[in-house]
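Structural overview
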Amino acid sequence: MNQNSLCKGCVESVMVTEEVIQELVKEAEENPSVIVSDEVYLARLKTCESCPSLQYGTTCAHSGCIVRYRAKFKNKGCPLAGKPKWEKVG
C-alpha cells in the first residue's frame, strides 16, 4: 500500500487485524438491545463495501471507524456528511 492511498492522518500501523474486528463485533453482540437485526447489518455492510470511502476493506475514511463494528449499532449512522448512505435505527 502506498502512502497516497492512506486516509488523512493514518499510517499502515493503524490497520486492524481480522481477529480484532471479530472480537469487537462479538463484544457488541453481547448487548442485543443496542444492535440492529442481521438483515439491517448485512444491508449496511453491503452499502459500505461498495463505498469509495472504504479504506483497507475495513475502515471508513469519514469517521475512522471499523465499518463491521459501527454498522452493528442502532444509534450509529453512516458518517458521510450531508448524504449518509444508511441511517440510525429508532
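Up top is the structure these notes are about.
The following refers to the structure shown. (Residues numbered from 1 in each chain as written. Predicted model: local features only at pLDDT ≥ 70, side-chain atom pairs only at ≥ 80, totals over all residues. Heavy atoms only, no water.)

**Comments concerning the overall build of the protein**
A tally of regular secondary structure across the protein gives three helices and two strands. Classification of the 90 residues of the protein by burial places 31% in the buried group. Across the protein, contacts joining residues at least 24 apart in sequence account for 54% of those joining residues at least 6 apart. Working note: accessible area of the protein is about 6,100 Å², and carbon and sulfur atoms make up 52% of it. (Helix = DSSP H or I, 4+ residues; strand = E, 2+ residues; numbered from the N terminus. Buried < 20%, exposed > 50% of the residue type's maximum accessible area, 1.4 Å probe, protein only. Contact = heavy atoms within 4.5 Å. Areas by Shrake-Rupley, 256 points an atom, 1.4 Å probe, with all protein chains shown as cover.)

**Focus: the pattern of salt bridges**
On inspection of all chains with the given rule, the structure shows two salt bridges. Between E18 and R68 there is a salt bridge, with the nearest N and O atoms lying 2.9 Å from each other. With a gap of 50 residues between them, E18 in helix 1 (residues 18-28) and R68 in helix 3 (residues 67-70) connect regions that are remote in the sequence. The class of E18 is partly exposed, set by a relative accessible area of 39%. Classification of R68 by relative accessible area gives partly exposed; the value is 26%. The partner of K72 in a salt bridge is E29, and the shortest N-O contact between them spans 2.7 Å. With K72 in the segment after helix 3 and E29 in the loop between helix 1 and helix 2 (38-49), this pair connects stretches of sequence that are 43 residues apart. (Salt bridge = Lys/Arg side-chain N within 4 Å of Asp/Glu carboxyl O.)

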